[in-house]
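If you want the building blocks of each chain, they are given just below.
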Amino acid sequence: MKYSILIIAIDCHFSHMTRFVCNLKIENPDVEMHYLTEKDKDKIPEDIIHNVDEVIHFNVSNGEGGYYGIYKKIVSLKKQFKKLSNNHKFDIIDIHFPHYYMAAAMPCLRKMSKNIVVTPWGSDILRVDGFRAKILFRGVLAKCDYITTAIDGNVGKRILENLPNSHKKFYFQAWGSETIDYIVHHIKETNTTAAKERFGLAGKYVITCGYNAFRAQNHDKIIDAIAGKRSQLPENLKLLIPVSYGAYDKDKYIAELKKKCQEAHVDALFVEEYMTVADVFLLRMATDIFVHAQNTDAGCASLQEYVLCDKKIVHGSWIRYPKLDVYSPLCYYAASDFSALGDVIVDAYHAEPIKFSQEAIDYIKSNGWEVRRKEWNDMFEKLATSVR
């Protein structure tokens, strides 16, 4: 079925958006996609350009300069969306990683479509506070038609805390993982020893810390926890720190982490280059323990990928995954806070691997894009049909 959709991807990582666009196109070659971004065309991945019908470029400032800078940003966006609304109509508008300043665009979006969908990514909802949170919830989420997140998940609960009467807006769609699909198809083709050789880690005991270069991953606290228990961990220990993508200050942050590892006398390898899906799979396989202790999270695909690769996982128990935690035993060793993290890492090192339940494995396998892309397209087709 053919339908038209405007995908608003302002300040969104291309790695995630590329997978979303490509998988939607695979599922439905007839979909008419319009992709709105603030990125310059020469920085947009070819896979996005080749799979969408139109790339719409907006000039979006970073809002520097206090309240006046924010005001200028909102006014500029409102003018650009008003101009767009004069000559565009869509069956669906899907806002990814919603920002508070999108509130200024909502009247124009409503003029362009009867179906306004908001697709949260997690941190956009869980980490916003103050006046930005108030505007995001009341000005964007309260005025959209559908929110593609689980009502009982961390993001859904935060939304309901701020919008108690928004139950009918929820239309759960899980974000797919190409890596999950890849692992399912290739898990028997390699082993931990071969994967370690790919990263120059032969003979090392590998603890992987986080999965991107955002400060919310709390790499510094993980390094401190490991340094504090260094004598109780293997002599051949090597930290593996994936930082191939992150915030605008990524390079500065990586330099800080390298200095911290040096001062803590912790041997570490930083993976800074872009990784293909095959590379990500090998990184998962090269790991002995994965430590995940970021501030907040919606539904960590990385953690699930480590489960499929049968790895030990140390996880901050302040993050709960309602759809995964129902399976027994839990897929990870839980640290109640950062003061306990070092001890839990040592315990995980000495412990026998957790025997994951087949139910948990089957659930994780269903989170690959090969399953999820059909569900996304089915939702969009249903919404498009409802307005015709």
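Refer to the structure printed above.
Below: a short report on this structure. (Residues numbered from 1 in each chain as written. Predicted model: local features only at pLDDT ≥ 70, side-chain atom pairs only at ≥ 80, totals over all residues. Heavy atoms only, no water.)

**Overview of the pairing of strand β2 (residues 32-37)**
Consideration 1: β2 sits mainly inside the fold: five of its six residues count as buried.
Consideration 2: Where strand β1 (residues 4-8) lies against β2, five bridges are found, and the strand directions are parallel. Bridged to Ile7 within β2 is Tyr35.
Consideration 3: Where the polypeptide runs from β1 across helix α1 (residues 14-27) and back to β2, its parallel neighbour, the crossover connection is right-handed.
Consideration 4: Two strands pair when backbone bridges link them, and β2 and strand β3 (residues 54-57) are joined in this way by four bridges, in the parallel orientation. Paired with Thr37 across the bridge in β3 is His57. (Buried < 20%, exposed > 50% of the residue type's maximum accessible area, 1.4 Å probe, protein only. Helix = DSSP H or I, 4+ residues; strand = E, 2+ residues; numbered from the N terminus. Pairing = 2+ DSSP bridges. Right-handed = clockwise from strand over helix to strand, strands pointing away.)

**Some points on the sheet that holds β1**
Consideration 1: Pairing is parallel across the open sheet formed by six strands, whose spatial order is β3-β2-β1-β4-β5-β6. Edge strands, defined here as strands with exactly one partner in the open sheet, are β3 and β6 (146-147).
Consideration 2: In this fold α1 packs onto β1, β2 and β4 (92-96), with an angle of close to 170° to the strand it touches most, β2. (Contact = heavy atoms within 4.5 Å. Axes fitted to C-alpha atoms, helices over the stretch in contact; angles between N-to-C directions.)

**Comments concerning the sheet that holds strand β9 (residues 268-271)**
The strands that make up a sheet are held in pairs by hydrogen bonds between backbone atoms, and each pair lies either parallel or antiparallel.
Consideration 1: Taken together, the six strands give an open sheet; going across it, the order is β9-β8-β7-β10-β11-β12, and neighbouring strands pair in parallel fashion. This sheet does not close on itself; its edge strands, each paired only once, are β9 and β12 (333-335). Direction aside, neighbouring strands of the sheet carry axes that sit 20° apart on average.
Consideration 2: Sheet strands in contact with helix α14 (residues 338-350) are β7 (205-209), β10 (289-292), β11 (312-316) and β12, and its direction is about 165° off that of β11.

**Considerations on the packing of aromatic side chains**
Consideration 1: Tallying each qualifying case throughout the model produces 19 aromatic pairs.
Consideration 2: Measuring from ring centre to ring centre gives 5.2 Å for Phe20 and Trp376, while their planes differ by 90°; the resulting arrangement is edge-to-face. Placement of the pair is Phe20 in helix α1 and Trp376 in helix α16 (residues 369-386), with a sequence separation of 356 residues. Per residue, the accessibility class of Phe20 equals that of Trp376, and both read buried.
Consideration 3: With a centroid separation of 6.0 Å and an interplanar angle of 75°, the aromatic rings of Tyr100 and Phe131 are classed as edge-to-face. Taken together, the residues Tyr100 in the loop between β4 and α4 (106-112) and Phe131 in helix α6 (residues 130-140) connect sequence positions 31 residues apart.
Consideration 4: Joined through ring pairs, the aromatic side chains of Tyr3, Phe20, Phe97, Trp121, Trp175, Trp369, Trp376 and Phe380 make up one cluster.
Consideration 5: Above the plane of the ring of Phe199 lies Arg198, whose end atom (NZ or CZ) is 4.5 Å from the centre. (Phe/Tyr/Trp six-rings, centres within 6.5 Å; stacked < 30°, edge-to-face > 60°. Lys NZ or Arg CZ within 6 Å of the ring centre and 35° of its normal.)

**Thoughts on the nonpolar core**
Consideration 1: Residues Ile207, Ile226, Leu239, Leu303 and Val314 are the most contacted members of the largest nonpolar core, which totals 65 residues.
Consideration 2: Counting residues per element, this core draws most heavily on helix α12 (residues 277-286), at six residues.
Consideration 3: Aside from chain neighbours lying at most four places away, what touches Ile226 is Ile207, Cys209, Leu233, Leu237, Leu239 and Ile345.
Consideration 4: One finds Leu84, Ile95, Ala103 and Cys144 within the second-largest nonpolar core, a separate group that totals 39 residues. (Core = buried A, V, L, I, M, F, W, Y, C linked by side-chain atoms within 4.5 Å.)

**What to know about the side chain of Thr148**
Consideration 1: Take Thr148: it is sitting in the loop between β6 and α7 (154-162).
Consideration 2: Thr148 gets classed as buried once you look at its relative accessible area, which sits at 4%.
Consideration 3: A polar contact of 3.0 Å, which involves the side chain of Thr148, links it to the side chain of Thr119.
Consideration 4: Once residues within four sequence positions are removed from consideration, Thr148 is found in contact with Val117, Val118, Thr119, Pro120, Tyr171, Phe172, Gln173, Trp376 and Met379. (Polar contact = N/O pair within 3.5 Å; in protein donor to acceptor, adjacent residues only side chain to side chain.)

Coordinates in, geometry out; function isn't part of it.
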